[in-house]
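Next come the chains, spelled out residue by residue.
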Amino acid sequence: MSTISRVARRVETIPFLDKRDVSLLFVLPGLFVFAAFMLFPVVYLVGISFTNADPASLFAGEGAASMLTFGEATFVGLRNYVNVLTDPTFWNSFGVTWLFVATSVTLKIGLSLAIALVVTSDRVRGKRVMRSFIILPMGLPAIFTVTVWRGIFSSAEFGLANQALSALGIGSIAWLSERWPAFLAYNVTEMWLAYPFMVIITVSALQDVPEQLHEAAKVDGAGFFSRLLHVTLPSIKRPVLFASILTAAASFQQFLIPYVFNKGGPARANELIVVYGYREALSFSEYGYGAAVSLIAVLFIGAFMWLNVKRGRLAEGVSEQ
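Our subject in this report is the structure included herewith. Keep in mind it's a predicted model, so treat the numbers as computed, not measured.

Examining the pattern of salt bridges
Right, on to step 1. As enumerated under the stated definition, the model contains 4 salt bridges in all.
Right, on to step 2. A salt bridge links Glu190 to Lys108; the shortest N-O distance between them is 3.0 Å. In this pair, Glu190 is assigned in helix H11 (residues 179-207) and Lys108 in helix H7 (residues 88-119), connecting sequence segments 82 residues apart.
Right, on to step 3. Here Glu190 falls in the buried class, since its relative accessible area comes to 3%.
Right, on to step 4. For Lys108, a relative accessible area of 0% puts it in the buried group.

With respect to unusual backbone geometry
Right, on to step 1. Each neighbour pair has its own omega, and for Gly265 with Pro266 the value is 5°, a cis peptide bond.
Right, on to step 2. Along the chain, Pro266 falls in the loop between helix H14 (256-262) and helix H15 (273-283).
Right, on to step 3. Here the phi dihedral of Ala267 falls at roughly 55°; this positive angle occurs in a residue that is not glycine.
Right, on to step 4. Mapping Ala267 onto the fold places it in the loop between H14 and H15.

With respect to the side chain of Arg279
Right, on to step 1. When you line up the elements, Arg279 lands in helix H15.
Right, on to step 2. According to the relative accessible area criterion, Arg279 is buried, its value standing at 18%.

A word on the environment of Tyr276
Right, on to step 1. Looking at the secondary structure, you find Tyr276 in helix H15.
Right, on to step 2. Along the sequence, Tyr276 and Gly264 sit 12 residues apart, while their C-alpha atoms lie 8.2 Å from each other.
Right, on to step 3. Reaching out from Tyr276, the side chain makes a polar contact with the side chain of Asp87 at a distance of 2.7 Å.

Things to note about the nonpolar core
Right, on to step 1. Among the nonpolar cores identified, the biggest contains 18 residues, and Val84, Phe90, Phe252, Ile273 and Val293 are the most heavily contacted of them.
Right, on to step 2. Elements with a minimum of two residues in this core: helix H6 (79-85), H7, helix H13 (224-252), H15 and helix H16 (287-311).
Right, on to step 3. Per-element accounting of this core gives the leading share, 7 residues, to H16.
Right, on to step 4. The contacts of Val293, once residues within four sequence positions are left out, are Val84, Ile273, Tyr276 and Gly277.
Right, on to step 5. In terms of nonpolar packing, the next biggest core, distinct from the first, is built from 17 residues, Trp149, Tyr186, Ile257 and Phe261 among them.

Criteria and thresholds
Residues numbered from 1 in each chain as written. Predicted model: local features only at pLDDT ≥ 70, side-chain atom pairs only at ≥ 80, totals over all residues. Heavy atoms only, no water. Salt bridge = Lys/Arg side-chain N within 4 Å of Asp/Glu carboxyl O. Helix = DSSP H or I, 4+ residues; strand = E, 2+ residues; numbered from the N terminus. Buried < 20%, exposed > 50% of the residue type's maximum accessible area, 1.4 Å probe, protein only. Polar contact = N/O pair within 3.5 Å; in protein donor to acceptor, adjacent residues only side chain to side chain. Core = buried A, V, L, I, M, F, W, Y, C linked by side-chain atoms within 4.5 Å. Contact = heavy atoms within 4.5 Å.

In structure tokens, the structure reads:
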């Protein structure tokens, strides 16, 4: 008899416990781990957002009890949220973040669709090898990839991007010292990091498109682009939309690229919302303010994902029971 079976039999002998509820006891360890590593930090963050916590007050006192009671931090109500929502720097960060989401997702969809069409074409040879190289970026540490791209977009003459411009007869660009060149560098790097995931989803969707639809369109005289617009894209719309929502959420939470490149510069002009909250909390020691920024960001990205799933009808067919 296995250990689990012996434990289950002993639990069933408890007089006040309904046998139908025995299985619930086996879920408790998982619930405890979830609460310890997921739920507690969120609740703690919510609590900090209503205080004026900083390093001096939050960690004042001795023992774990001081941490649970936020040390000597003072309850300030909604003051942090009011300050965040009336701060022009926050709204600049908010607008830049959504612009980054829109542009990066558009680039990722376009590149991924083009690559997926190539590696699923009957006219292409060596598709297995190509797919192996396509997913290669997924196996590299993100910090390594971002650091390499930072070197590519170096403002110096020897930067790879500037060397390419020089070869085309175009002068060098101070990529990371000017706002929109830096923003473009963010987008290119984000596209490189995320396109393998989008390609995998798009290739899977393309392989599920019935060949009969393409054959019927060919019989009707439809060319490649006509079949792409009227057969292929409508058939893969839902899986690509789902992948786009996921990658949009990841773009909204992007931290490594702007922070490693130039910390959201120049002069905080490209500071994405996660970088903004991080710097307010850790660089300026405003823990309560930074917590409020993080929670506002969570609310916005949650609403964005819910709205897109709802409008895209991605949950259709899922049982609500």
